[in-house]
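The chain contents come next:
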Amino acid sequence: MDMNTLLPIIIQIITGIIGGQAVGAAIKTAALGQLPKILGGAIGGVGGAAILGSLLGHGVDPAAAAAATSGLGSALNLQNIVGGAGGGAILTGIIGAVLGAMKK
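As a starting point, this report considers the structure included with it. (Residues numbered from 1 in each chain as written. Predicted model: local features only at pLDDT ≥ 70, side-chain atom pairs only at ≥ 80, totals over all residues. Heavy atoms only, no water.)

**Observations concerning the overall build of the chain**
Right, on to step 1. Tallying secondary structure elements over the chain gives five helices and zero strands in all.
Right, on to step 2. Reading the chain from its N end, one meets helices and strands in the order α-α-α-α-α.
Right, on to step 3. The buried share of the chain, reckoned over its 104 residues, is 36%.
Right, on to step 4. Considering only intrachain contacts with a sequence separation of at least 6, the fraction spanning at least 24 residues in the chain is 85%.
Right, on to step 5. Approximately 5,600 Å² of the chain is accessible, and the part contributed by carbon and sulfur atoms is 76%. (Helix = DSSP H or I, 4+ residues; strand = E, 2+ residues; numbered from the N terminus. Buried < 20%, exposed > 50% of the residue type's maximum accessible area, 1.4 Å probe, protein only. Contact = heavy atoms within 4.5 Å. Areas by Shrake-Rupley, 256 points an atom, 1.4 Å probe, with all protein chains shown as cover.)

Structure, rendered in structure tokens:
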């Protein structure tokens, strides 16, 4: 794998973790540990970016989009940043709700 393939995925993971951390801080009642916030954010970030990309008509495969263009500019796009942060926040929120319900 070259950097043009990995960079969009790295951006999605990082923005997903940021979204997951934000939701984890906002939902204190769930009392999520760092591991669920990080994993939920990272997985949700990649999934959210893929879903947003397919809704916007950019396809699901971030590697194909990165191969078409090169450089950091292609990785820092709406699909990767907003989809990553949103997906990470949503999945972390779902994990928090499930874990909170299991504690009751």
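Now that the structure has been shown, the text picks up again.
**A word on the packing of helix α1 (residues 3–26) against helix α2 (residues 34–55)**
Right, on to step 1. Between α1 and α2, whose axes approach to 6 Å, the crossing angle comes to 130 degrees. It follows from the interaxial angle that α1 and α2 lie oblique. Relative to α2, the crossing made by α1 is right-handed. Note on element contacts: α2 touches α1 through Gln34, Lys37, Ile38, Gly41, Ala42, Gly45, Val46 and Ala49, opposite Ile9, Gln12, Ile13, Gly16, Ile17, Gly20, Gln21 and Gly24.
Right, on to step 2. When grouped by side-chain class, the residues that make up the contact of α1 with α2 number seven nonpolar, eight polar and one charged. (Axes fitted to C-alpha atoms, helices over the stretch in contact; angles between N-to-C directions. Parallel < 35°, antiparallel > 145°, perpendicular 65-115°, else oblique. Left-handed = near helix turned anticlockwise from the far one by under 90°. Nonpolar A, V, L, I, M, F, W, Y, C, P; charged D, E, K, R; others polar.)

**Let's talk about the side chain of Lys37**
Right, on to step 1. With respect to the element layout, Lys37 can be found in helix α2.
Right, on to step 2. Setting aside chain neighbours within four positions, we find Lys37 in contact with Gly20, Gln21, Gly24, Leu32 and Thr92.

**Examining the environment of Leu7**
Right, on to step 1. With respect to the helices and strands, the residue Leu7 is situated in helix α1.
Right, on to step 2. We classify Leu7 as buried; its relative accessible area is 16%.
Right, on to step 3. Along the chain, Leu7 and Asn80 lie 73 residues apart, while their C-alpha atoms are 9.9 Å from each other.

**Quick notes on the packing of α2 against helix α5 (residues 78–103)**
Right, on to step 1. Where α2 meets α5, the axes come as close as 5 Å, and the angle between the chain directions of the two elements is 130 degrees. By the criterion of interaxial angle, the relationship of α2 to α5 is oblique. The chirality of how α2 crosses α5 is right-handed. Within the contact between the two elements, α2 uses Pro36, Lys37, Gly40, Gly41, Ile43, Gly44, Gly45, Gly48, Ala49, Leu52 and Gly53 and α5 uses Leu78, Gln79, Asn80, Val82, Gly83, Gly84, Gly87, Gly88, Leu91, Thr92 and Ile95.

**A closer look at α1**
Right, on to step 1. Across its 24 residues, α1 extends 34 Å between first and last C-alpha, which sits within 8% of the 34 Å expected from 1.5 Å per residue.
Right, on to step 2. Those residues of α1 that sit buried are Thr5, Leu7, Pro8, Ile11, Gln12, Thr15, Gly16, Gly19, Gly20, Val23 and Gly24. (Expected span 1.5 Å × (residues − 1).)

**Here we look at a nonpolar patch on the surface**
Right, on to step 1. A cluster of nonpolar side chains, namely Met3, Leu6, Ile10, Ile14 and Ile18, defines an oily patch on the protein surface of about 440 Å² accessible area.
Right, on to step 2. Structurally, the position occupied by Ile18 is in helix α1.
Right, on to step 3. We classify Ile18 as exposed; its relative accessible area is 54%. (Patch = residues over 30% accessible without salt bridge, like charges linked within 9 Å, V, L, I, M, F, W, Y side chains within 5 Å. Salt bridge = Lys/Arg side-chain N within 4 Å of Asp/Glu carboxyl O.)

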